Amino acid sequence: MTAPLDLDYLRRAPKVLLHDHLDGGLRPGTVAELAAECGYTELPAETADELATWFREAADSGSLELYLETFAHTVAVMQTPVGLRRVARECAEDLAADGVVYAEVRFAPEQHLESGLSLDEVVEHVLAGFREGEESARAQGREIRIGCLLTAMRHAARSREIAELTVRFRDRGVVGFDIAGAEAGYPPSRHLDAFEYMRTCNAHFTIHAGEAFGLPSIHEAIAFCGTDRLGHGVRITDDITVGPDGEMTLGLLANYVRDKRIPLELCPSSNVQTGAVANLEEHPFDLLARLRFRVTVNTDNRLMSDTTMSREMLALVNTFGYGWSDLERFTINAMKSAFIPFDQRLALIDEVIKPGYAVLIG
Ligand SMILES: O=c1[nH]cnc2c1ncn2[C@@H]1O[C@H](CO)[C@@H](O)[C@H]1O
Ligand SMILES: [Zn+2]
């Protein structure tokens, strides 16, 4: 018998998450406790409940720039070994409790140097936290693997250094590189040397592109920088025309993205909050899925969007009428697109994802 498609069963489904920010996924209570511990007095609210509401409402700004301002408060409480480790441990525990079996979680080490830690130390503490979280999840009967992505901020000038940091930690749990931050005015080609370095080292990277800004950003990320995946990439729809009879025509760039199976890390709730799309009904997720782009479902920032992987999937089910087989396809898309070695991706698909959905499909 097919399992009902509700939140309870969605939590049991094996899920894969490729786009999740460590500093966008803190528990509200942890923000409050760490602020008290480290003497940060600028929090906009006091209790966990008030903070949860504040983050969600402040992030609901309709502008990527205003949305990003909320990160000042989470980054502020992630400056110490204790803070970094705790946030990473809880991230792994929360994702595992939600049924995520593989996740790539990203953060920008350069934003965590305020109390004198080095870039290497910051990464070491976060990786130690992930390992602790994986172990405590295992003790609860939940198996999760977390790969870490290191992000460089696109308005800053440390991308080459962060790319080198990524490669230095490639055998210790860091699986890739990314650039994030405000998109307009900071094209990916500003960081070309970082991407060239990554390619020289046979190392993987993704680029936030086509979220707040349109096709030129996606084109640069692919044609100049050689990105493996697109962070968001929703604006690829600017290169797709839908005729009056529903007939769809893809432009050169949209065709290239689809032909090359370039994964789209789509983040439905986040896209509505930043104004990249007006509402979920108008989100191009379904259009792209029907056109057989390699679409994946992601959370982006669980705190700011008050969401989880299961809830993002439920929102898509409710909006577009997806069934378990669709969700399995999106999950396999994500697993195929992960930055860990091919044999390990395949093992997770064959041994965890397919058997997990087989039970739900019935
Ligand atoms: O959706 C997004 N678009 C662009 N940048 C983002 C998004 N979400 C978070 N960050 C930025 O990435 C940094 C490292 O994790 C965060 O501090 C935030 O500034
Ligand atoms: Zn993001």
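Residues numbered from 1 in each chain as written. Chains lettered and ligands numbered in written order. Predicted model: local features only at pLDDT ≥ 70, side-chain atom pairs only at ≥ 80, totals over all residues. Heavy atoms only, no water.

As annotated in an unreviewed UniProt entry, the chain carries the name Adenosine deaminase and comes from Rhodococcus parequi.

Asks: Tell me about the site of ligand 1, and name the residues and values.
Replies: Near ligand 1, the surroundings consist of 16 residues, among which His21, Asp23, Gln111, Glu211 and Asp300 are the closest. In this structure, an oxygen atom belonging to ligand 1 sits 2.9 Å away from a side-chain N or O atom of Gln111. Asp300 has a polar side-chain atom sitting 2.8 Å from an oxygen atom of ligand 1. Out of a free accessible area of 420 Å², ligand 1 has 98% covered by protein chains. (Near = heavy atom within 4 Å. Polar contact = N/O pair within 3.5 Å; in protein donor to acceptor, adjacent residues only side chain to side chain. Areas by Shrake-Rupley, 256 points an atom, 1.4 Å probe, with all protein chains shown as cover.)

Asks: Run through the UniProt feature "binding site: substrate" (unreviewed entry) in the chain, naming residues and quoting values.
Replies: When the UniProt feature table is mapped onto this chain, "binding site: substrate" (unreviewed entry) is found at His21, Asp23 and Gly181. Spatially, the listed residues are clustered: although they cover 161 residues, their C-alpha atoms lie within 12.6 Å of one another. Lining residues of the largest pocket drawn from the annotated set just named are His21, Asp23 and Gly181. Structurally, the position occupied by His21 is in strand S1 (residues 15–21). Setting aside residues up to four positions removed in sequence, His21 forms contacts with Val105, Arg106, Ala180, His208, Asp300 and Asn301. Within the secondary structure, Asp23 sits in the loop between S1 and helix H2 (28–38). Classification of Asp23 as buried rests on a relative accessible area of 5%. (UniProt positions renumbered as here; feature names shortened; annotations may be inferred. 1 Å grid on protein atoms, 1.4 Å probe; cavity = no way out; pocket = protein on both sides within 12 Å on 5 of 7 lines; lining within 4 Å. Helix = DSSP H or I, 4+ residues; strand = E, 2+ residues; numbered from the N terminus. Contact = heavy atoms within 4.5 Å. Buried < 20%, exposed > 50% of the residue type's maximum accessible area, 1.4 Å probe, protein only.)

Asks: An account of the UniProt feature "binding site: Zn(2+)" (unreviewed entry) in the chain is needed here, citing residue identities and associated values.
Replies: Under the present numbering, the feature "binding site: Zn(2+)" (unreviewed entry) in UniProt falls on His19, His21, His208 and Asp300. Spanning 282 residues, the named residues form one tight spatial group whose C-alpha atoms are at most 11.9 Å apart. Lining the largest pocket, out of the annotated residues just given, are His21, His208 and Asp300. Topologically, His208 is positioned in strand S5 (residues 206–209). Judged by its relative accessible area of 5%, His208 falls in the buried class. Look past the residues within four positions of His208 in its chain and what remains in contact with it is His19, His21, Arg106, Arg154, Asp178, Ile179, Ala180, Glu183, Gly231, His232 and Asp300. Looking at the element boundaries, Asp300 is found in the loop between strand S10 (295–297) and helix H14 (302–305).

Asks: How would you summarise helix H10 (residues 215–224) if you had to cite specific residues and measurements?
Replies: For an α-helix, the turn length of 3.6 residues means that residues three or four places apart are oriented alike. All of the buried residues along H10 are Ser217, Ile218, Glu220, Ala221 and Ile222. In this fold, the buried residues of H10 make contact with S5, strand S6 (229–232) and helix H11 (252–259). The positive-phi residue at the C-terminal boundary of H10 is Gly226, with phi of around 75 degrees.

Asks: Describe in detail the packing of aromatic side chains, supporting the description with residues and values.
Replies: Think of a pair of aromatic rings as described by two things: how far the centres are apart, and how the planes are tilted against each other in angle. With the rule as written, the count across this model stands at nine aromatic pairs. Here the aromatic cluster, defined as three or more aromatic residues joined through ring pairs, consists of Phe285, Phe320, Tyr322 and Phe330. Over the ring of Tyr9 we find Arg12, and its NZ or CZ is 4.3 Å from the ring centre. (Phe/Tyr/Trp six-rings, centres within 6.5 Å; stacked < 30°, edge-to-face > 60°. Lys NZ or Arg CZ within 6 Å of the ring centre and 35° of its normal.)

Asks: Just give me the short version of the nonpolar core, but keep the residues and values in it.
Replies: Core analysis: the largest hydrophobic core is formed by 113 residues, its most contacted members being Leu22, Phe130, Phe177, Phe285 and Phe293. Those residues in contact with Phe285 that sit more than four places away from it in its chain are Leu266, Val295, Thr296, Val297, Leu316, Phe320, Tyr322 and Phe330. (Core = buried A, V, L, I, M, F, W, Y, C linked by side-chain atoms within 4.5 Å.)

Asks: Residue-level account of the side chain of Asp239, with values.
Replies: Tracing the backbone through its elements, the reader meets Asp239 in the loop between S6 and strand S7 (240–242). Buried within the structure, Asp239 lacks any salt-bridge partner; its nearest side chain of opposite charge belongs to Arg258, at an N-O separation of 10 Å. Looking at Asp239, its side chain comes within polar contact range of the main-chain nitrogen of Leu253, at 3.0 Å. Once you skip the residues sitting within four places of it in the chain, Asp239 turns out to touch Leu215, Thr249, Leu250, Gly251, Leu252, Leu253 and Ala254. (Lys, Arg positive; Asp, Glu negative; His and termini not counted. Salt bridge = Lys/Arg side-chain N within 4 Å of Asp/Glu carboxyl O.)

Asks: Give a description of the coordination of the zinc ion (ligand 2) that names residues and reports values.
Replies: Protein ligation of the zinc ion (ligand 2) involves His19 (NE2), His21 (NE2), His208 (NE2) and Asp300 (OD), the donor distances falling in the range 2.1 to 2.2 Å. Each of the four donor atoms around the zinc ion (ligand 2) contributes to a set of angles spanning 83 to 171 degrees, which defines the coordination as irregular. The sequence motif formed by the donor residues of the zinc ion (ligand 2) is H-x1-H-x186-H-x91-D. Taken as a pair, His21 in strand S1 and Asp300 in the loop between S10 and H14 lie far apart in primary sequence, 279 residues in all. Accessibility expressed as a relative area gives 9% for His21, which makes it buried. Of the residues examined, Asp300 reaches a relative accessible area of 2% and is grouped as buried. (Donors = N, O, S within 2.8 Å, 3.2 Å for Na, K, Ca; no water. Tetrahedral: all angles 85-135°; square planar, octahedral: opposite > 155°, others 65-115°.)

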